[in-house]
Amino acid sequence: MTTSRSSRAAVPQAPVRPIMTNGYEVDADYVVYRLEEAGATLLALPGTGWTTRLRTSALEIVRTALDAYGWTEAQIRPSVPSAERITRMDEAMSWIPLIPVDRYVLRRVVGARSLVNPVTDRHLFPWRRLGKALGADHKAIQRWHAQGIAIIVSALRGAH
């Protein structure tokens, strides 16, 4: 039995990781939800961590009575996200580069809109603020966001 082979060399493809959908269909609502979850996880990560810098063990001196009695306003910090949420964040944020480079404004809009405060669940960049920053109408920003999400959805559906 003879087999014919193509004269072209096979181009190695990067392995496609399965998308963690947990049984949900990949549509615009799902992508927006995952991107907003990823943005909240990103903002919940601590801004500081362990460093290689030497630390001193000197006791802090209380400088004022207000500091001593805790009358200063405490800043509410969200809890540190779990490893699973960080993995989901990495996956969802890797979807933004699926928007072509020549459509960089769509990338910026989708990326900025995905940032959600983990404490208040409010967007860091409302539609009007994005419109003012980009010099466009807020309705245009909403259309661009929908276009960017549609590009991501079609790319994700094509990956299956």
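Whatever comes next refers back to the structure up there.
Residues numbered from 1 in each chain as written. Predicted model: local features only at pLDDT ≥ 70, side-chain atom pairs only at ≥ 80, totals over all residues. Heavy atoms only, no water.

Asker: Help me out: how do you make sense of the side chain of R34 in this one?
Answerer: Secondary-structure assignment places R34 in helix α1 (residues 28-44). At 3.0 Å, the side chain of R34 and the side chain of E91 are in polar contact. (Helix = DSSP H or I, 4+ residues; strand = E, 2+ residues; numbered from the N terminus. Polar contact = N/O pair within 3.5 Å; in protein donor to acceptor, adjacent residues only side chain to side chain.)

Asker: Would you mind going over the nonpolar core with me for this structure?
Answerer: One broad trend across soluble globular proteins is that nonpolar side chains are buried collectively. Counting 17 residues, the largest nonpolar core has V31, L35, W95, V110 and I152 as its most contacted members. Breaking this core down by element, the ones donating at least two residues are α1, α3 (83-93), α4 (104-113) and α6 (138-159). Here this core takes 5 residues from α6, the largest share from any one element. Apart from the residues lying within four places of it in its own chain, the contact partners of L35 are A92, M93, I96, V110, S114, I149 and I152. (Core = buried A, V, L, I, M, F, W, Y, C linked by side-chain atoms within 4.5 Å. Buried < 20%, exposed > 50% of the residue type's maximum accessible area, 1.4 Å probe, protein only. Contact = heavy atoms within 4.5 Å.)

Asker: I keep staring at unusual backbone geometry and nothing clicks. Help me out?
Answerer: The phi angle of most residues is negative, glycine excepted, and most peptide bonds adopt the trans form. Even without being a glycine, D121 presents a positive backbone phi close to 60°. Along the chain, D121 falls in the loop between α4 and α5 (127-134).

Asker: I keep staring at the packing of aromatic side chains and nothing clicks. Help me out?
Answerer: For any pair of aromatic rings, the description consists of the separation of the ring centres together with the inter-plane angle of the planes. The full count for this structure, using the stated rule, is 1 aromatic pair. With 6.4 Å between their ring centres and 40° between their planes, Y30 and W95 make a pair best called tilted. Residue Y30 is found in helix α1, and its partner W95 is found in the loop between α3 and α4; the two are separated by 65 residues along the sequence. W95 matches Y30 in its accessibility class, with the two residues each being buried. Residue placement shows R113 over the ring face of W127; its charged tip is 3.8 Å from the ring centre. (Phe/Tyr/Trp six-rings, centres within 6.5 Å; stacked < 30°, edge-to-face > 60°. Lys NZ or Arg CZ within 6 Å of the ring centre and 35° of its normal.)

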